[in-house]
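Residue-level listing of the chains:
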There are 2 protein chains.
Amino acid sequence: MKLAIYGYGNLGRGVEAAILKSPDMELVGVFTRRDPNTVRTHTGVKVFAADEILAHKSEIDAVVLCGGSATDLPVLTPRLAKDFNVIDSFDTHANIPAHFDAVDAAAKAGGKLSLISCGWDPGMFSLNRLYAGAILPDGKDYTFWGRGVSQGHSDAIRRIPGVLDARQYTVPIPEALDAVRSGKQPELSARQKHLRECYVVAAPDADKAAIETAIKTMPNYFADYDTTVTFISAEEMREKHGALPHGGFVIRTGKTGFSDEHTHRIEYALQLDSNPEFTAGVLVAFARAVGRMAARGRTGCITVFDVAPADLSPLSGEELRRMLL
Amino acid sequence: MKLAIYGYGNLGRGVEAAILKSPDMELVGVFTRRDPNTVRTHTGVKVFAADEILAHKSEIDAVVLCGGSATDLPVLTPRLAKDFNVIDSFDTHANIPAHFDAVDAAAKAGGKLSLISCGWDPGMFSLNRLYAGAILPDGKDYTFWGRGVSQGHSDAIRRIPGVLDARQYTVPIPEALDAVRSGKQPELSARQKHLRECYVVAAPDADKAAIETAIKTMPNYFADYDTTVTFISAEEMREKHGALPHGGFVIRTGKTGFSDEHTHRIEYALQLDSNPEFTAGVLVAFARAVGRMAARGRTGCITVFDVAPADLSPLSGEELRRMLL
């Protein structure tokens, strides 16, 4: 199967690396909106200008879109969905229905197949919410994120005057995890579920107290959480906070029996050294399914919910039943 | 959707309870090989003789087979698969390929759809092995069972002369779980992964030392494990060991990056108060999918690997994307 990468940041490089681990996949090229002559891929695969991609239509089975959800993907995915089978990691939850409709219309118009909102959340966490809810309908699920770097929250801190760099870790609160695992189905506020740990490099002349207040009172991002702010040097930021770890938990507890006498717990947990590389692994597995489903004539927009798991694996149905069932 | 239950033991009663939690499901009746007049269902639903089931063909969308894997299902599932959409929990791993072929032929001959080997292992654990392996191809997965009652091992002890009753708990060894979670991909023997705890009620005149030796040296079942044997009274057995809890873990760790520099862990864990009731919940969710897929014209035999998750949920595609993605 022949894949193209569109966008060559952390996620695009992750997809390039993930394709190396998939012998049934081949990377045709990287498409970038930068000057292609300024971009060197890690594996030496060719780099093309983004607006040349239509000329490569016949060589590409699916395009993995590695742009951002804020401004890139809402435009990019519908635009490419007409001519290519595409897969994206659009993760602005509230806008997923609108994005789905736009991509679905484009893909159907072109007779192609698109899969949106693929990764770990949305993605694997969504799948686990669905499976657990279908199995234990009388129950409640909880999603915890972290410990990991939230890029959106880090960016929000960087926009505060006097901040040179920032890293925000989302941290699940152990007591909340324990309460959920107990099966008591507690009601938990945002503050009870997660802490926010901020590491900030301030300009030499900055008012640190003002920065700390600006962070802790920032609506939506921090005001509803217990937040810690630690000022560190640029050197310490580089040494200790250069990685992009993440992870989290989807936990559902529910009751069964004629008198609700039995409690069950389903827990799915991820611990990731590199958020973009893991997301890339999910994208490449689902790109395999998109290729197969498109070859069987499926068109329009789908999500991870619509993919039979067997289509994700390079193994045959017979091998899967023998080795994994 | 109209379901029938075939076989009314612990699992059949679990399915009856699970259907009560699914407003889109209706239980048409219970079919039993016992005298129907001797069987009273919990909800009062009608009981029929097993060999009358063909007369009810037009009223049933799918039959949930609640028989045993050793002797019942290998005969029963292929026999019913010709006339009904059926779902079973066949769990003799080594015989799954042969069972699949027999059921597939029967279902295709009758233009019906069957799903075999559904539950939590095989079932949800299998799905998690597949998903994790597709996402992290350069990795290794481990399955741990317990702490929970193994009915097969309990039965094996009961067959020893002088044993009146027995309960065997399979217990994952914490050090093995820790070693797996570390990402080091250890090689672990059967003895290193699980302990076997046995509680035995012996006949008054039995030779307890001989029973203990017979258990600990039993090939396949106990000889390869560290096994504890505790003799208890019939009363203590009734009071403390009447439930059927189970659970376990599927853990995969794997590496990503151009130099394998990042390690990731995916963990799926179940903790179940009642093994048969949880299994029943899985069966009912997949029965929903079987009904939908059959209505779309799918025939033959499938497994959990072949079911798009969206088909498990009573929610529409639009609701799933809005609420769970």
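As the structure is a prediction and not an experimental result, all values here were calculated from the model.

Undergrad: Got a sec to walk through unusual backbone geometry? Specific residues and values, please.
TA: In this structure, the amide linkage connecting Asp121 of chain A to the following residue, Pro122 of chain A, adopts the cis form with an omega of 5°. Even without being a glycine, Asp260 of chain A presents a positive backbone phi close to 55°. Mapped onto the elements of the fold, Asp260 of chain A is located in the loop between strand 12 (246-256) and strand 13 (262-272). Positive phi outside glycine occurs at Gln185 of chain B, with the angle close to 50°. Residue placement: Gln185 of chain B occurs in the loop between helix 6 (174-181) and helix 7 (190-193). By relative accessible area, which is 25% here, Gln185 of chain B ends up partly exposed.

Undergrad: How would you sum up the nonpolar core? Please name residues and give values.
TA: Inside soluble globular proteins, nonpolar side chains tend to come together where they are buried. Grouped together as the largest cluster of nonpolar side chains are 159 residues, with contacts concentrated most on Phe286 of chain A together with Phe286 of chain B. Residues contacting Phe286 of chain A, with those up to four places away along its chain left out, are Ile87, Leu115, Cys118, Met124, Leu127, Val304, Val307 and Leu312 of chain A together with Tyr131 of chain B.

Undergrad: So, the sheet that holds strand 12 (residues 246-256) of chain B: which residues are in play, and what are the values?
TA: If you walk across this open sheet you meet the 6 strands as 7(A)-12(A)-13(A)-13(B)-12(B)-7(B), and the pairing is antiparallel. Every interior strand has two partners, whereas the edge strands, strand 7 (139-145) of chain A together with strand 7 (139-145) of chain B, have only one. For this sheet, the mean angle separating the axes of adjacent strands, direction not counted, is 10°. This element, helix 4 (residues 124-135) of chain A, spans strand 7, strand 12 and strand 13 of chain A together with strand 13 (262-272) of chain B of the sheet and lies at about 5° to strand 12 of chain A.

Undergrad: Please set out the environment of Tyr131 of chain A residue by residue, giving values where relevant.
TA: Here Tyr131 of chain A shows up in helix 4. What makes Tyr131 of chain A buried here is its relative accessible area of 4%. Filtering out sequence-adjacent residues up to four positions away, Tyr131 of chain A remains in contact with Pro309 of chain A together with Met124, Leu127, Tyr131, Phe286, Pro309 and Leu312 of chain B.

Undergrad: Account for helix 1 (residues 10-20) of chain B, with residues named and values stated.
TA: Residue and element names in this part refer to chain B. The element helix 1 is largely enclosed, with a buried count of 8 among its 11 residues. Those residues of helix 1 lying buried are Leu11, Gly12, Gly14, Val15, Glu16, Ala17, Ala18 and Ile19. Contacts from the buried residues of helix 1 go to strand 1 (2-6), strand 2 (26-32), strand 4 (62-65) and helix 10 (275-295).

Undergrad: Please provide a residue-by-residue account of the relation of the copies chain B and chain A, values included.
TA: Expressed as a screw transformation, the operator carrying chain B onto chain A has a rotation angle of 180° and an axial translation of 0.0 Å, and the superposed copies differ by an RMSD of 0.0 Å. Here the symmetry operator amounts to a two-fold rotation axis. The share of interface residues of chain B whose copies in chain A are also at the interface is 100%, consistent with both copies meeting through the same surface.

Undergrad: Describe the confidence of the model for chain A, and please don't skip the residues or the numbers.
TA: Averaged over all residues, the pLDDT of chain A equals 97, while 100% of them reach at least 70. Interface confidence for the predicted complex, expressed as ipTM, amounts to 0.97; the pTM equals 0.97.

Undergrad: Just give me the short version of the environment of Gly247 of chain A, but keep the residues and values in it.
TA: Residues and elements named next belong to chain A. With respect to the helices and strands, Gly247 occurs in strand 12. Overall, the relative accessible area of 1% leaves Gly247 in the buried class. Sequence-wise, Gly247 and Gly146 are 101 residues apart; in three dimensions their C-alpha atoms are separated by 4.9 Å. Excluding its chain neighbours within four sequence positions, the residues that come into contact with Gly247 are Trp120, Phe144, Trp145, Gly146, Arg147, Leu270 and Leu272.

Undergrad: Give a description of the interface of chain B and chain A that names residues and reports values.
TA: Listed as interface residues are 67 residues of chain B and, on the opposing side, 68 residues of chain A. Summing both partners gives a buried area of about 5800 Å² for chain B against chain A, and 67% of it is carried by carbon and sulfur. Along the contact surface separating chain B from chain A lie 4 salt bridges. Residue Lys21 of chain A pairs with Asp138 of chain B through a salt bridge whose shortest N-O separation is 2.6 Å. Scanning the region where chain B abuts chain A turns up 25 residue pairs in polar contact (both at pLDDT 80 or more). Counting only elements with at least two residues in the side of chain B that touches chain A, the list comes to helix 1, helix 3 (96-110), helix 4 (124-135), strand 12, strand 13, helix 10 and helix 11 (317-323) of chain B. Examining the composition of the side of chain B that touches chain A, we find that 11 residues originate from one element, strand 13 of chain B, more than from any other. A per-class count over the side of chain B that touches chain A returns 34 nonpolar, 17 polar and 16 charged.

Undergrad: For the sheet that holds strand 9 (residues 163-172) of chain A, give the residues involved together with the corresponding values.
TA: Residue and element names in this part refer to chain A. A sheet is described by the order of its strands in space; here 4 strands give the open sequence 8-9-10-11, paired in mixed fashion. The sheet is open, and its two edges are formed by strand 8 (148-149) and strand 11 (226-231), each paired on a single side. Where strand 9 meets strand 10 (residues 194-202), 9 bridges bridge the pair, whose relative direction is antiparallel. Of the residues in strand 10, the one forming a bridge with Asp165 is Val201. Each of strand 8, strand 9 and strand 10 is contacted by helix 5 (residues 151-158), which is oriented at about 145° to strand 9, the strand it contacts most.

Undergrad: Break down the packing of helix 4 of chain A against helix 4 of chain B for me, citing the residues and quoting the values.
TA: Across the interface, helix 4 of chain A lies against helix 4 of chain B with an axial gap of 13 Å and an inter-helix angle of 175°. Put simply, helix 4 of chain A runs roughly antiparallel to helix 4 of chain B. Contacts from Met124, Leu127, Asn128, Tyr131 and Ile135 of chain A in helix 4 of chain A reach Met124, Leu127, Asn128, Tyr131 and Ile135 of chain B in helix 4 of chain B. Among the residues making up the contact of helix 4 of chain A with helix 4 of chain B, the classes are represented as 8 nonpolar, 2 polar and no charged.

About the cut-offs
Residues numbered from 1 in each chain as written. Chains lettered and ligands numbered in written order. Predicted model: local features only at pLDDT ≥ 70, side-chain atom pairs only at ≥ 80, totals over all residues. Heavy atoms only, no water. Helix = DSSP H or I, 4+ residues; strand = E, 2+ residues; numbered from the N terminus. Buried < 20%, exposed > 50% of the residue type's maximum accessible area, 1.4 Å probe, protein only. Core = buried A, V, L, I, M, F, W, Y, C linked by side-chain atoms within 4.5 Å. Contact = heavy atoms within 4.5 Å. Pairing = 2+ DSSP bridges. Axes fitted to C-alpha atoms, helices over the stretch in contact; angles between N-to-C directions. Least-squares fit on C-alpha atoms with pLDDT ≥ 70 in both. pLDDT = per-residue confidence, 0-100. Buried area = accessible area lost by both parts, 1.4 Å probe. Salt bridge = Lys/Arg side-chain N within 4 Å of Asp/Glu carboxyl O. Polar contact = N/O pair within 3.5 Å; in protein donor to acceptor, adjacent residues only side chain to side chain. Nonpolar A, V, L, I, M, F, W, Y, C, P; charged D, E, K, R; others polar. Parallel < 35°, antiparallel > 145°, perpendicular 65-115°, else oblique.

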